[in-house]
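Listed below, chain by chain, are the residues.
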Amino acid sequence: RRAAGFRTAGPGSGGGEPCTTIHVAIVCAGYNASRDVVTLVKSVLFHRRNPLHFHFITDSIAQQILSSLFHTWMVPAVRVDFYDADELKSEVSWIPNKHYSGIYGLMKLVLTKTLPSDLQRVIVLDTDITFATDIAELWAVFHKFKGQQVLGLVENQSDWYLGNLWKNHRPWPALGRGFNTGVILLLLDRLRKLRWEQMWRLTAERELMSMLSTSLADQDIFNAVIKQNPFLVHQLPCFWNVQLSDHTRSEKCYKDVSDLKVIHWNSPKKLRVKNKHVEFFRNLYLTFLEYDGNLLRRELFGCPSEADHNSENLQKTLSELDEDDPCYEFRRERFTVHRTHLYFLHYEYEPSSDNTDVTLVAQLSMDRLQMLEAICKHWEGPISLALYLSDAEAQQFLRYAQGSEVLMSRGNVGYHIVYKEGQFYPVNLLRNVAMRQVNTPYMFLSDIDFLPMYGLYEYLRKSVVQLDMANTKKALVVPAFETLRYRLSYPKSKAELLSQLDMGTLFTFRYHVWTKGHAPTNFAKWRTATTPYRVQWEADFEPYVMVRRDSPEYDRRFVGFGWNKVAHIMELDAQEYEFVVLPNAYMIHMPHAPSFDITKFRSNKQYRVCLKTLKEEFQQNMSRRYGFAALKYMTAENNS
């Protein structure tokens, strides 16, 4: 039942010894919850001094997102396991539930069955929780359980279970104000002995006869069981779950904000609730929301963390690099593991069944956000984007996207955040991240500054059939143009484009600076072409192409500016792809301020020297991999 986990934690069991592993279980399903839970995890990691073992009960979406996130986060002394929520649905799907959490809101009831049978105790948290203290303090409360106490819970701070919120309001039975299940301490071994499974089922069946459905998901059932068996509950001091929903008495919970330990944003309004200290709470939450997650990779002080093969291999590779090499920083960047959050926003797309579907692939950083809406208007098909952002920028991006009608109306754009680290722009890593998330048979490898012609998506899909892309190795070239005008009236047809070219409002791409990049496209031939034509590779060729999804990835040694696409096209050629230019396709590069990396390239001699070294090494690798066929790349380079 358990999916593969990774990262190990130090030994230890029971109480609050310094190296005890603390176990935390969280139910997390879908794109939004996967994004919210990161803030909770950051707040726990920030204060912790113990090894941690997270147990995530997830749907397939959350598992994909969180397993990739933790794998690339590489936090020492943190272990993560996943449990498939879909396998548990049948255990709770018979319970009608009106709460917005849906079926997943009931899954905390089945943890005794789901979690490993040798796990004795666990802290269970909702995704909308923020920690203001070390979670070990909460773990230590297990020692205070007496007699038959098996559940640690905080009293509900709203009047919900008192049944007087409105006329005919009929809540489920509860002890007094009832308890809130946003934070639960579970003594699993004792719960299993008490036959917890049977206990909650019988209670739920009985109550559902008159109540018909739950309003607050698992919380209603936990409370009904406690009402009958009050001896099961150990009441936690309310600062372990300060609830900020609207009708709460949470302010009675703390004399001073410094007493606060856990904040629970359990109002659908989240950050806009009424509470006199809400400013303080909001700041605490925003601190972790925008906190640089890379800083949480620190080793635990005084706890031996078990060997982790990923980080050991990385250390070994890095130690083999020569630190005195003037290009050390460049070489190191190739091995940097960037924390990656796939599908940062909701995504819904099933590729068309005719096997011609194509995804536009691009990468960007914060300064190119304004291109997104325009690209969406020009390209209605699926898009896979890698965004290079800091944690704070990721939140700005989220606000930008949520405020944009154009972006919010699209479910077929995958936004994958690669978090900033180091001094370079890892352009080819970003392209690879975006490429790996393509779920259509073809991909159009574009750049964020280009607007594809209207209708390009459909035209490429027709070309897939026309040129038998499924059974041949082809790279379809989309000719690239550029304008220096910010307010270009975008040409609606090839005829209109040619007249703008003649008038000088458009140029062939990089015509002024780097003609070699696109010369083989043969623009003179393209002007009059009506059928696709094949062109030969030449040195420094870097067209924008559509290829099959199984095409080679980009070479990570090229960072920032220079040679990042050239090397990729060279590899396609070495693998005997045919370059075929499409007669009725075009894309136009829109003007923008020069990027930081090109400025660096133009001004920094060392940057240019290292790029030359990396180019030569890449070519040697090519000749080793592709043998005699790759010799032409060496000679072409020497002539250029």
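Residues numbered from 1 in each chain as written. Predicted model: local features only at pLDDT ≥ 70, side-chain atom pairs only at ≥ 80, totals over all residues. Heavy atoms only, no water.

Chemist: Help me understand the overall build of the protein in this model?
Modeler: Along the protein, the regular secondary structure elements total 22 helices and 24 strands. Relative to its 640 residues, the protein shows a buried fraction of 59%. Sequence separation of at least 24 residues holds for 80% of the intrachain contacts in the protein that already meet a minimum separation of 6. A total accessible area of about 27400 Å² is found for the protein, and carbon and sulfur atoms account for 52% of it. (Helix = DSSP H or I, 4+ residues; strand = E, 2+ residues; numbered from the N terminus. Buried < 20%, exposed > 50% of the residue type's maximum accessible area, 1.4 Å probe, protein only. Contact = heavy atoms within 4.5 Å. Areas by Shrake-Rupley, 256 points an atom, 1.4 Å probe, with all protein chains shown as cover.)

Chemist: Help me out: how do you make sense of the sheet that holds strand 11 (residues 262–264) in this one?
Modeler: What links the strands of a sheet is backbone hydrogen bonding, and the strands pair in either a parallel or an antiparallel sense. Taken together, 3 strands build an open sheet; the order of strands is 6-11-10 and the sheet is mixed. Strand pairing shows two members of the sheet lacking a second neighbour, strand 6 (129–131) and strand 10 (242–243), which therefore form its edges. Two strands pair when backbone bridges link them, and strand 10 and strand 11 are joined in this way by 2 bridges, in the parallel orientation. Its bridge partner lying in strand 11, glutamine 243 is registered against histidine 264. Of the strands in this sheet, strand 6, strand 10 and strand 11 are in contact with helix 9 (residues 278–289), which crosses strand 6 at around 85°. (Pairing = 2+ DSSP bridges. Axes fitted to C-alpha atoms, helices over the stretch in contact; angles between N-to-C directions.)

Chemist: For this particular structure, what's the right way to read the packing of helix 7 (residues 196–211) against helix 8 (residues 218–228)?
Modeler: Each pair of packed helices gets described by two things: the angle between the helix axes and the distance between those axes. For the pair helix 7 and helix 8, interaxial distance at closest approach is 9 Å and the crossing angle is 100°. Here helix 7 lies roughly perpendicular to helix 8, going by the angle between them. Between helix 7 and helix 8, the contacting residues are Trp196, Met199, Trp200, Thr203, Ala204, Arg206 and Glu207 on the first element and Ile221, Phe222, Ala224, Val225 and Gln228 on the second. Across the contact of helix 7 with helix 8, the residue classes tally to 8 nonpolar, 2 polar and 2 charged. (Parallel < 35°, antiparallel > 145°, perpendicular 65-115°, else oblique. Nonpolar A, V, L, I, M, F, W, Y, C, P; charged D, E, K, R; others polar.)

Chemist: What am I meant to see in empty space enclosed by the protein here?
Modeler: Taken as a whole, this structure holds 5 cavities of 30 Å³ or more when the rule is applied. Lining the largest cavity we find Arg35, Val38, Thr39, Lys42, Leu289, His341, Phe344, Asp391, Ala394, Gln395 and Tyr419. For the lining of the largest cavity, the secondary-structure elements that each account for two or more residues are helix 1 (30–47) and helix 13 (391–402). Among the elements that make up the lining of the largest cavity, the one with the highest residue count is helix 1 (4 residues). Of the domains in this structure, domain 1 (22–296) and domain 2 (340–633) are the two that each give at least three residues to the lining of the largest cavity. In this structure, the second largest cavity spans a volume of roughly 60 Å³. (1 Å grid on protein atoms, 1.4 Å probe; cavity = no way out; pocket = protein on both sides within 12 Å on 5 of 7 lines; lining within 4 Å. Points joined across faces, edges and corners; volume = space filled by probe spheres on them. Domains from an automatic or database assignment.)

Chemist: Looking at this model, I keep getting lost on the state of the cysteines. Mind explaining?
Modeler: Here is the idea: a disulfide is a covalent bond, and it sits between the sulfur atoms of two cysteines. Evaluation of the coordinates by the stated rule reveals 2 disulfides. Residue pairing for cysteine 19: its cysteine sulfur links by disulfide to cysteine 303, the two sulfurs lying 2.2 Å apart. When the S-S torsion is -105°, as for the bridge of cysteine 19 with cysteine 303, the disulfide is left-handed. Of the two residues, cysteine 19 sits in the loop between strand 1 (2–6) and strand 2 (22–28) while cysteine 303 sits in the loop between helix 9 and helix 10 (309–319), which places them 284 residues apart along the sequence. For cysteine 19, a relative accessible area of 18% corresponds to the buried category. Each disulfide pairs two cysteine sulfurs, and for cysteine 327 the partner residue is cysteine 610, the sulfurs being separated by 2.2 Å. Here the disulfide of cysteine 327 and cysteine 610 is left-handed, its torsion about the S-S bond being about -95°. Linking cysteine 327 in the loop between helix 10 and helix 11 (328–333) with cysteine 610 in helix 21 (residues 605–626), this pair joins segments that are 283 residues apart in sequence. (Disulfide = S-S within 2.5 Å.)

Chemist: Is there a simple way to think about unusual backbone geometry in this case?
Modeler: For residues besides glycine, phi is generally negative; the peptide bonds are generally trans as well. Positive phi outside glycine occurs at tyrosine 343, with the angle close to 45°. Secondary-structure assignment places tyrosine 343 in the loop between strand 12 (340–341) and strand 13 (358–365). Here the phi dihedral of glutamate 576 falls at roughly 65°; this positive angle occurs in a residue that is not glycine. Mapped onto the secondary structure, glutamate 576 falls in the loop between helix 19 (564–574) and strand 23 (578–581).

Chemist: Any chance you could explain the nonpolar core here in plain terms?
Modeler: The nonpolar side chains of a soluble globular protein tend to be buried with one another. In terms of nonpolar packing, the biggest core is built from 113 residues, with Leu385, Phe397 and Phe444 touching the most fellow members. When sequence neighbours within four positions are dropped, the list of residues in contact with phenylalanine 444 reads Val358, Thr359, Leu360, Val361, Trp379, Leu456, Leu460, Val478, Tyr544, Val545, Met546 and Met587. Counting residues in each nonpolar core, the second largest holds 87 residues, with Ile57, Leu119, Ile129 and Leu138 among its members. (Core = buried A, V, L, I, M, F, W, Y, C linked by side-chain atoms within 4.5 Å.)

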